[in-house]
Amino acid sequence: MKILVVGSGGREHTIIRKLKESPRVDKIYAAPGNGGIAKDAECVNIGAMDKKGIVDFARENNIDIVFVAPDDPLAAGMVDALNENGIRAFGPKANAAIIEGSKVFSKNLMKKYGIPTADYEVFSDPAKVMEYIDSRNRYPVVIKADGLALGKGVIIALDREEALGAVKEIMEDKKFGDSGNNVVVEEFLTGPEVSVLAFTDGKVVKPMVSSKDHKRAYDNDEGLNTGGMGTISPNPYYTDGIAEICRKTIFEPTIAAMNNEGRTFKGCLYFGLMITPDGPKVIEYNARFGDPEAQVVLPRLKTDLVDIMEAIIDERLSDIDIQWSDEATACVVMASGGYPLSYPKGLEISGLDENGQVEGATVYHAGTKLENGKFYTNGGRVLGITASGKTLDEALEKAYCAVSKISFDGVHYRKDIGKTK
Ligand code: AMP
Ligand code: GLY
């Protein structure tokens, strides 16, 4: 089979490495890919949002399945465009990807179907937001841009001044463009966070092994929210008991709700959960694999990913028995100095070798480019170093050992992955 993976980050590199393990796959293309991906797939110079470019390439090259990995092209209808042209694609259509693309949609969906989530109100007028926040007068308060914002559109305001600043940035300065036309103001919840990615064909939902992201830029969960600075799998807070509650009150009701709305979801649905004192609640949905959750979850997948993708496209996921390894995995993201704000690009990376430096470790490239045989930084999150072990501690030790051998100017990474709630 020939597979085209749309996207260019660490998640896409991980997906490609997993697809390479399949005896059914002859050729993998990436659009546009990155420096590290170029070693594992043929990168083609087509942007992830270029629907016509992707459709034309898939048709001309007889691609069997297009794997649309990032949120933006899913929300923009990449899968719809491919299907309309008779091309098989893995990922939800636009009318289902809205579960991530609009927080107003997802919050209203959860309210309508009784799926546990934080209490909230929606606003389109900045003056009204502050009126509401003042009348409530309870901090912290959570303010979220409605639309996609690279994982950075959520502000936890500790006082009135911070709330005012957030409302101004999102709604008046339009820091996230039209994504900030509406905002959700939400109750602040507490408890450990869990990411659960799930395969679904719209009929059944098969949760993958759990994971935990570390979203803040710095140690001790300080600094700004990022796309994710590191992950572990499994998540120690996700017990079998919690998993069963989630299946009954969150996973299955969500699939049913989307069907009932005429928005059947097919692909990977990501449940961002918080285990609150009142039980698990949904913090957010994503319409895709998480990044860097994919980097710790997919390495544990033992079943052929292509078999699963086809079963989802053909709506026969119930026939497939999905197997996972018992090993623990950890991923440490090496980011550019300054990320998630501005950062330099084009710095040479030293100490990289493709075997991951340490037995049991793998280097997934997120933002790199390859020039004359050398790798240079080319994004905020540069590398995700993943390792596996019999225990989480062993996985972490190997991952950090591999990290210590790699460097570039200004590199920053968290030293406490796997150690915080
Ligand atoms: P989101 O992009 O919606 O996942 O939010 C990013 C991060 O903000 C989450 O991973 C949480 O750490 C935090 N967060 C979002 N909503 C809430 C909430 N209602 N209460 C507490 N923390 C939250
Ligand atoms: N790591 C969180 C996300 O992919 O949105």
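You'll find the structure just up there.
Residues numbered from 1 in each chain as written. Chains lettered and ligands numbered in written order. Predicted model: local features only at pLDDT ≥ 70, side-chain atom pairs only at ≥ 80, totals over all residues. Heavy atoms only, no water.

Caption draft 1: The arrangement of the overall build of the protein chain in detail. Each helix and strand counted, the protein chain has 12 helices and 22 strands in total. In terms of C-alpha radius of gyration, the protein chain reaches 21 Å, essentially the compact-globule figure of 22 Å for 421 residues. Summarising its shape, the C-alpha atoms of the protein chain cover approximately 60 × 45 × 45 Å along the three principal directions. Counting only residues that meet the buried cut, the protein chain has 57% of its 421 residues in that class. (Helix = DSSP H or I, 4+ residues; strand = E, 2+ residues; numbered from the N terminus. Rg over C-alpha atoms; globule rule 2.2 N^0.38 Å. Buried < 20%, exposed > 50% of the residue type's maximum accessible area, 1.4 Å probe, protein only.)

Caption draft 2: Just the nonpolar core, in detail. Core analysis: the biggest nonpolar cluster contains 48 residues, and I54, V66, L82, I99, F251 and L273 have the highest contact counts within it. Here this core takes 7 residues from helix α9 (residues 240-260), the largest share from any one element. Setting aside its immediate chain neighbours within four residues, V66 contacts L4, V6, I54, A58, L82, I87, R88, A89 and F90. Of all hydrophobic cores here, the second largest spans 40 residues; its members include L19, A69, I308 and C331. (Core = buried A, V, L, I, M, F, W, Y, C linked by side-chain atoms within 4.5 Å. Contact = heavy atoms within 4.5 Å.)

Caption draft 3: View of the pattern of salt bridges. Evaluated as defined, the whole model comprises 32 salt bridges. We note a salt bridge from E12 to R11, for which the minimum N-O separation is 3.0 Å. For R11, a relative accessible area of 7% gives the class buried. R288 is the salt-bridge partner of D71, the closest N and O atoms lying 3.9 Å from each other. Of this pair, D71 sits in helix α3 (residues 71-75) while R288 sits in the loop between β17 (279-286) and α10 (294-297); the two residues are 217 residues apart in sequence, bridging distant segments of the chain. We classify D71 as buried; its relative accessible area is 16%. Here the salt bridges do not stand alone but share partners, grouping R24, R88, D307, E310, D314 and R316 into one network. (Salt bridge = Lys/Arg side-chain N within 4 Å of Asp/Glu carboxyl O.)

Caption draft 4: Spotlight on the site of ligand 1. Contacts to ligand 1 come from 16 residues, most closely from E186, E187, L189, E193 and E284. Contact distances for ligand 1 include 2.9 Å between an oxygen atom and a side-chain N or O atom of E284. Contact with the protein chains removes 94% of the 480 Å² of surface that ligand 1 exposes when unbound. (Near = heavy atom within 4 Å. Polar contact = N/O pair within 3.5 Å; in protein donor to acceptor, adjacent residues only side chain to side chain. Areas by Shrake-Rupley, 256 points an atom, 1.4 Å probe, with all protein chains shown as cover.)

Caption draft 5: Structural view of the packing of aromatic side chains. Per the counting criterion, the structure on display carries 9 aromatic pairs. On the numbers, 5.0 Å between centres and 75° between planes, the contact of Y29 with F57 is edge-to-face. With Y29 in strand β2 (residues 27-32) and F57 in helix α2 (residues 51-60), this pair connects stretches of sequence that are 28 residues apart. This pair shows no difference in class: Y29 is buried, exactly as F57 is. A centroid spacing of 6.1 Å and a plane angle of 35° characterise the contact between F67 and F289, whose relative ring orientation is tilted. Remark: F289 occurs in the loop between β17 and α10 and F67 occurs in strand β4 (residues 65-68); sequence separation between them is 222 residues. These aromatic residues form a ring-pair network of at least three members: F67, F90, F199 and F289. (Phe/Tyr/Trp six-rings, centres within 6.5 Å; stacked < 30°, edge-to-face > 60°.)

Caption draft 6: Quick peek at the site of ligand 2. Close to ligand 2 lie D213, G227, Y270, N286, R288, G290, D291, P292 and E293. In the model, an oxygen atom of ligand 2 is placed 2.9 Å from a nitrogen or oxygen of the D291 main chain. Within the side chain of E293, one N or O atom sits 2.8 Å away from a nitrogen atom of ligand 2. Across the complex, the protein chains shield 92% of the 200 Å² of accessible surface that ligand 2 would expose by itself. Residues that form the shell around ligand 2 fall into these classes: 2 nonpolar, 3 polar and 4 charged. (Nonpolar A, V, L, I, M, F, W, Y, C, P; charged D, E, K, R; others polar.)

Caption draft 7: Highlighting the packing of helix α1 (residues 10-20) against helix α11 (residues 305-313). Packing of α1 against α11 brings their axes to within 8 Å, and their N-to-C directions diverge by 105°. Relative to α11, α1 is oriented roughly perpendicular. On α11, the residues that touch I15, K18 and L19 of α1 are L305, V306 and M309. Classifying every residue of the contact of α1 with α11 gives 5 nonpolar, no polar and 1 charged. (Axes fitted to C-alpha atoms, helices over the stretch in contact; angles between N-to-C directions. Parallel < 35°, antiparallel > 145°, perpendicular 65-115°, else oblique.)

Caption draft 8: Just the sheet that holds strand β11 (residues 205-207), in detail. Read from one edge of the open sheet, 4 strands run β11-β10-β16-β17, paired in antiparallel fashion. The open sheet terminates on both sides in strands that have one partner only, identified here as β11 and β17. Adjacent strand axes in the sheet meet at a mean angle of 35° when their direction is disregarded. For strand β10 (residues 193-200) and strand β16 (residues 267-276), the ladder comprises 8 bridges, and the chain directions are antiparallel. Its bridge partner lying in β16, V196 is registered against F271. Packed on one face of the sheet, α9 meets β10, β11, β16 and β17 and runs near 130° to β16. (Pairing = 2+ DSSP bridges.)

Caption draft 9: The arrangement of the packing of helix α7 (residues 126-136) against helix α8 (residues 160-172) in detail. Relative orientation of the contacting elements α7 and α8 amounts to 160°, with a least axis distance of 10 Å. Here α7 is positioned roughly antiparallel relative to α8, judged by the angle of their axes. Where α7 crosses over α8, the handedness of that crossing is right-handed. Between α7 and α8, the contacting residues are P126, V129, M130, I133 and D134 on the first element and R160, A163, L164, V167, M171 and E172 on the second. Partitioning the contact of α7 with α8 into residue classes produces 8 nonpolar, no polar and 3 charged. (Left-handed = near helix turned anticlockwise from the far one by under 90°.)

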